[in-house]
Amino acid sequence: MRISTMIRLLPALLGAAVLVAAPAAQNKDIPGEATRLLKELNVSPGGTVADIGAGGGEMTVELARQIGPTGRVYSTDINPKTVESLKALVAKERLANVIVVQGDAERTNLPDACCDGAFARYVYHHFGKPAPMNASIRRALKAGGRFAVMDAAPKAAPHGGVAPEKRSGGDTHGVASEDVIAELTAAGFVDVAVTPDWPGGLFLVRATSPRSADGTGRGTGRR
């Protein structure tokens, strides 16, 4: 491409770059967000947390450092190549307290009652079938364990009503907190609440796995 042509196209190219870099979840303070997340999940050093849909692994790495060598992080993803990249990252960072797990679109593949807390950061809107996935996440939590969803509402329907299969792209890309609350409640979680202002332009919905078999009781997770 000629230099003169590149100069004329530069504004458009920069605009495209902004569109790529601008989506929600672009938070530079990962350590600060991880600290705040652990408080929301009520997980202290030595606890166990699951990063559902870990992607590049930045939260996995930071959480592994903050919960310490006696804690544990399960890092999951459904993309086999991403799973291999996560394994390489864990090896590079020498994180003996991280277990990488190949996930599935409808289940976590985590052991039952293995986690004090779990979260999905800008991932929940990719759950094409949230009911079985939420049931699987609840099984992976200990009684009273917490699940946090950090996500962003779509431009076309900021207050909900978008079917799960339409949340992955276009003007309906994202998920409204109202839909997350309804789906987690339907899955049997209790104490479901939203924090509207979360780092990266996201909201956070926090829910608790009930402590009793009949689904009652207000769980707070363990410290």
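All values derive from a computational prediction rather than experimental measurement. (Residues numbered from 1 in each chain as written. Predicted model: local features only at pLDDT ≥ 70, side-chain atom pairs only at ≥ 80, totals over all residues. Heavy atoms only, no water.)

**Q** Describe in detail the overall build of the chain, supporting the description with residues and values.
**A** When helices and strands are counted, the chain shows six helices and seven strands. Taking all 223 residues of the chain together, the buried fraction comes to 45%. Within the chain, residue pairs in contact and separated by at least 24 positions form 69% of the contacts whose partners lie at least 6 positions apart. (Helix = DSSP H or I, 4+ residues; strand = E, 2+ residues; numbered from the N terminus. Buried < 20%, exposed > 50% of the residue type's maximum accessible area, 1.4 Å probe, protein only. Contact = heavy atoms within 4.5 Å.)

**Q** Please give an account of the state of the cysteines that cites residues and values.
**A** Within the structure shown, the criterion is met by zero disulfides. Looking at the unpaired Cys114, the closest cysteine sulfur is the one in Cys115, lying at 3.3 Å. Using a relative accessible area of 12% as the deciding quantity, one classes Cys114 as buried. (Disulfide = S-S within 2.5 Å.)

**Q** Tell me about the packing of aromatic side chains, residues and numbers included.
**A** The full count for this structure, using the stated rule, is two aromatic pairs. Ring geometry for Phe147 and Phe189: centres 6.1 Å apart, planes at 35 degrees, overall tilted. With Phe147 in strand E5 (residues 141–151) and Phe189 in the loop between helix H6 (177–186) and strand E6 (190–198), the pair connects residues that are 42 residues apart, well separated along the chain. Like Phe147, the residue Phe189 is buried in the burial classification. (Phe/Tyr/Trp six-rings, centres within 6.5 Å; stacked < 30°, edge-to-face > 60°.)

**Q** Tell me about the nonpolar core, and name the residues and values.
**A** Leu37, Leu63, Phe119 and Met150 are the most contacted members of the largest nonpolar core, which has 27 residues in total. Elements with a minimum of two residues in this core: helix H2 (30–41), helix H3 (58–67), helix H4 (80–93), strand E3 (98–102), E5 and strand E7 (202–208). Apart from the residues within four sequence positions on either side, Phe119 is in contact with Leu37, Leu41, Val49, Ala50, Asp51, Ile52, Met59, Leu63, Phe147, Ala148 and Met150. In this structure, Leu110, Ala140, Leu141 and Phe189 belong to the second largest nonpolar core, which totals 25 residues. (Core = buried A, V, L, I, M, F, W, Y, C linked by side-chain atoms within 4.5 Å.)

**Q** Lay out H3 with the relevant residues and their values.
**A** H3 sits mainly inside the fold: seven of its ten residues count as buried. Those residues of H3 not exposed but buried are Met59, Thr60, Val61, Glu62, Leu63, Ala64 and Ile67. Buried-residue contacts for H3 involve H2, strand E1 (48–52), strand E2 (72–77), H4, E3 and strand E4 (115–121). Of the residues one or two after H3, Gly68 is the one with positive phi, at around 85 degrees.

**Q** Could you give an account of the side chain of Asp179, naming the residues involved and the relevant values?
**A** Within the secondary structure, Asp179 is located in helix H6. Overall, Asp179 belongs to the buried group, its relative accessible area being 14%. Discounting residues that sit within four places of it in the chain, Asp179 has contacts with Gly160, Gly161, Val162 and Arg167.

**Q** Lay out the environment of Asp77 with the relevant residues and their values.
**A** With respect to the helices and strands, the residue Asp77 is situated in strand E2. When the C-alpha atoms of Asp77 and Gly55 are compared, they prove to be 6.6 Å apart, with 22 residues separating the residues in sequence. Excluding its chain neighbours within four sequence positions, the residues that come into contact with Asp77 are Gly53, Ala54, Gly55, Thr82, Val83, Leu86, Val101, Gln102 and Gly103.

**Q** Go over the environment of Phe147 with me, naming the residues and quoting the values.
**A** With relative accessibility at 0%, the residue Phe147 sits in the buried group. With 37 residues separating them along the chain, Phe147 and Leu184 place their C-alpha atoms 9.3 Å apart. For Phe147, the contacting residues outside a window of four places in its chain are Leu41, Ala118, Phe119, Ala120, Asn134, Ile137, Leu141, Leu184, Phe189, Val205, Arg206 and Ala207.

**Q** Would you mind going over H4 in detail, with residue names and values included?
**A** The end-to-end C-alpha distance of H4 is 20 Å, a good match for the 20 Å that 14 residues give at a rise of 1.5 Å each. When H4 is considered as a whole, its buried residues turn out to be Thr82, Val83, Leu86 and Val90. The buried residues of H4 occupy one face: seen down the axis, they fall within an arc of 100 degrees. Opposite the buried face of H4, at more than 90 degrees from it, the exposed residues are Pro80, Lys81, Ala91 and Lys92. Buried residues belonging to H4 abut E2 and E3. The residue sitting at the N-terminus of H4 and contributing the capping side-chain oxygen is Asn79; that oxygen lies 2.9 Å from the backbone nitrogen of Lys81. (Expected span 1.5 Å × (residues − 1). Arc of directions from axis to C-beta. Polar contact = N/O pair within 3.5 Å; in protein donor to acceptor, adjacent residues only side chain to side chain.)

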